[in-house]
Amino acid sequence: MFDKLIKVTGIFSEALRDAMLFLRFNSYSPFVDKSRRAFYKIIIEAHTIEKGLSLPAPKLLFGKDKIRFVMAALSRYDIRHSPVPVHMSLGALEAYVNFHARAGMTDPLLDEITGYLKSWETRLPKPWKGGTRDCLFDDQPSGNLQHLLASRSSIRALRPTPLDPDQILQAIALAQLAPSQCNRQASRAHAYQDPERIRELLALQGGSRGFAESVGNLFVVSSDICAWGGPGQRNQAYVDGALFAMCLMLACRSMGWGTCPLNLAIDHKTESAIRRAGGIPAGERLIMMIAFGEPIAPETRVAFSPRRPAAEIATLHA
């Protein structure tokens, strides 16, 4: 009994330390280097432009505030920290202008963007790695893991047709090959095909504007809290759940389906609302949603989403 009390006390202590660590190093903290904060903020906002352009039918002149924020933030950014946000932003802005040119659209904002891009051409020559790119979605990718990983992109142009439940179970079975701490297998996959329930869940998630109506299949990945105990395991539900979710997306890709992960960076109130709408037990923490289904066409436009060079994120310790 005393040992259990010690563990419960430790959970509160570690939760407090987690909160202090997050407050000290989160993106709003004045104690974090400005270039690091700007790096992530610019990438986040530039990616919203890429996502908008990857929709089946982007709205004309969408995201004006995002466009102006990216240009202003980029002008203040120190490119010596990393050129990735610059490539991503300029490529997205160029794709934005080209999209409107194909639509025969003219607007002062487009002229402003064009002038801004010209001012960068001498500082960072083209081609810029951002915007959108063609993704050839072969139905049966080869068994080569490298090809499987390289061919996975977030697909927002999906057919709303419900998939065969037996095939969905097959994909879940493949995802269960993901490692889990001590083989706990606490991850859960809640699959939905009812259009009304899917719309309700996506509305609560809030990140599928522009393609929610094309989602005919939806996963909510969660993790059973009961599998974990003690302060040292407080974050393991998210680790195991994320490993399972990645394997689930790769399993879907191996079956010729497209997927689009949808984050659940939400508060407890929204999480509870999603659990109620989805019939998910209160003892499960939500990890993410995954829209999935057959792609509308073999070739589709996806966000470029350039990756940082490995040397930027790797620290090779002696």
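Here the structure is a predicted model, which is why all the values come from computation and not from measurement.

> Now, about the overall build of the protein chain: what can you tell me, with residues and values included?
Helices and strands together make up the secondary structure of the protein chain, namely 11 helices and six strands. In summary, the protein chain has a C-alpha radius of gyration of 22 Å against a globular reference of 20 Å for 318 residues, a match within 12%. With the C-alpha coordinates of the protein chain rotated into their principal frame, the extents come out at 70 × 50 × 40 Å. Put simply, the protein chain has 318 residues, and 42% of those count as buried. Once local pairs closer than 6 in sequence are excluded, the contacts in the protein chain between residues at least 24 apart make up 81%. For the protein chain, the computed accessible surface area is about 17900 Å², with 58% contributed by carbon and sulfur atoms. A distance of 6 Å separates the average location of the 38 positive side-chain charges in the protein chain from that of its 30 negative side-chain charges.

> Outline helix α4 (residues 84-102), listing residues and values.
Taking 1.5 Å as the rise per residue, α4 with 19 residues should run 27 Å; its terminal C-alpha atoms sit 27 Å apart, in good agreement. Where burial is concerned, most of α4 is hidden: 15 out of the 19 residues are buried. Taken from the residues just after α4, Gly104 is the one with a positive phi, measuring 70 degrees.

> Got a sec to walk through the packing of aromatic side chains? Specific residues and values, please.
This structure, assessed with the given rule, holds four aromatic pairs. On the numbers, 5.2 Å between centres and 70 degrees between planes, the contact of Phe62 with Tyr96 is edge-to-face. In this pair, Phe62 sits in the loop between α2 (34-53) and α3 (64-76) while Tyr96 sits in helix α4, placing the two residues 34 residues apart along the sequence. The exposure class of Phe62 is buried, given its relative accessible area of 18%. Where Trp257 meets Phe292, the ring centres are 5.9 Å apart and the plane angle is 35 degrees; that geometry is what we call tilted. Placement of the pair is Trp257 in the loop between α9 (236-254) and β4 (258-263) and Phe292 in strand β5 (residues 284-293), with a sequence separation of 35 residues. An aromatic cluster of three or more residues is present, and its members are Phe219, Trp257 and Phe292.

> Lay out the nonpolar core with the relevant residues and their values.
One finds Ile49, Ile67, Leu90, Leu93, Tyr96, Ile113 and Trp120 to be the most contacted residues of the largest nonpolar core, which totals 29 residues. Sequence-distant contacts of Leu90, that is, excluding residues within four places in its chain, are made with Leu74, Tyr116, Leu117, Trp120, Leu124 and Trp128. Counting 23 residues, the second-largest nonpolar core is a separate cluster that includes Leu218, Val220, Leu264 and Val302.

> If you had to explain unusual backbone geometry to someone new, which residues and values would you point to?
Of the consecutive residues Lys126 and Pro127, the connecting peptide bond is found in the cis state with omega at 5 degrees. Following the sequence through the fold, Pro127 ends up in the loop between α5 (108-120) and β1 (132-136). Positive phi is not limited to glycine here, since Leu61 has a value of about 55 degrees. Looking at the secondary structure, you find Leu61 in the loop between α2 and α3. When its relative accessible area of 15% is taken as the criterion, Leu61 is described as buried. The residue Ser305 is not glycine, and still its phi comes out positive at about 45 degrees.

> With reference to specific residues and values, describe the environment of Arg159.
Following the sequence through the fold, Arg159 ends up in the loop between α6 (145-150) and α7 (165-175). Looking at Arg159, the relative accessible area reads 36%, which means it is partly exposed. Separated by 140 residues in the primary sequence, Arg159 and Ala19 place their C-alpha atoms 42 Å from one another. Other than its neighbours up to four places away in sequence, Arg159 contacts Ser214, Gly216, Glu294, Pro295 and Ile296. Of the polar contacts made by the side chain of Arg159, one reaches the backbone oxygen of Pro295; its length is 3.5 Å. Of the polar contacts made by the side chain of Arg159, one reaches the backbone oxygen of Ile296; its length is 2.8 Å.

> So what's going on with the sheet that holds β5? Residues and values would help.
Across the sheet, four strands lie side by side as β2-β3-β5-β4; this open sheet has antiparallel pairing. Every other strand in the sheet has two partners, leaving β2 (187-192) and β4 as the edge strands with one partner each. Adjacent strand axes in the sheet meet at a mean angle of 25 degrees when their direction is disregarded.

> Residue-level account of a nonpolar patch on the surface, with values.
A cluster of nonpolar side chains, contributed by Leu16, Met20 and Leu23, occupies part of the molecular surface with about 340 Å² of accessible area. Along the chain, the position of Leu16 falls in helix α1 (residues 2-25). Judged by its relative accessible area of 55%, Leu16 is exposed.

The rules behind the values
- Residues numbered from 1 in each chain as written.
- Predicted model: local features only at pLDDT ≥ 70, side-chain atom pairs only at ≥ 80, totals over all residues.
- Heavy atoms only, no water.
- Helix = DSSP H or I, 4+ residues; strand = E, 2+ residues; numbered from the N terminus.
- Rg over C-alpha atoms; globule rule 2.2 N^0.38 Å.
- Buried < 20%, exposed > 50% of the residue type's maximum accessible area, 1.4 Å probe, protein only.
- Contact = heavy atoms within 4.5 Å.
- Areas by Shrake-Rupley, 256 points an atom, 1.4 Å probe, with all protein chains shown as cover.
- Lys, Arg positive; Asp, Glu negative; His and termini not counted.
- Charge placed at Lys NZ, Arg CZ, Asp CG, Glu CD.
- Expected span 1.5 Å × (residues − 1).
- Phe/Tyr/Trp six-rings, centres within 6.5 Å; stacked < 30°, edge-to-face > 60°.
- Core = buried A, V, L, I, M, F, W, Y, C linked by side-chain atoms within 4.5 Å.
- Polar contact = N/O pair within 3.5 Å; in protein donor to acceptor, adjacent residues only side chain to side chain.
- Pairing = 2+ DSSP bridges.
- Axes fitted to C-alpha atoms, helices over the stretch in contact; angles between N-to-C directions.
- Patch = residues over 30% accessible without salt bridge, like charges linked within 9 Å, V, L, I, M, F, W, Y side chains within 5 Å.
- Salt bridge = Lys/Arg side-chain N within 4 Å of Asp/Glu carboxyl O.

All quantities given are derived from atomic positions and should not be read as evidence of function.
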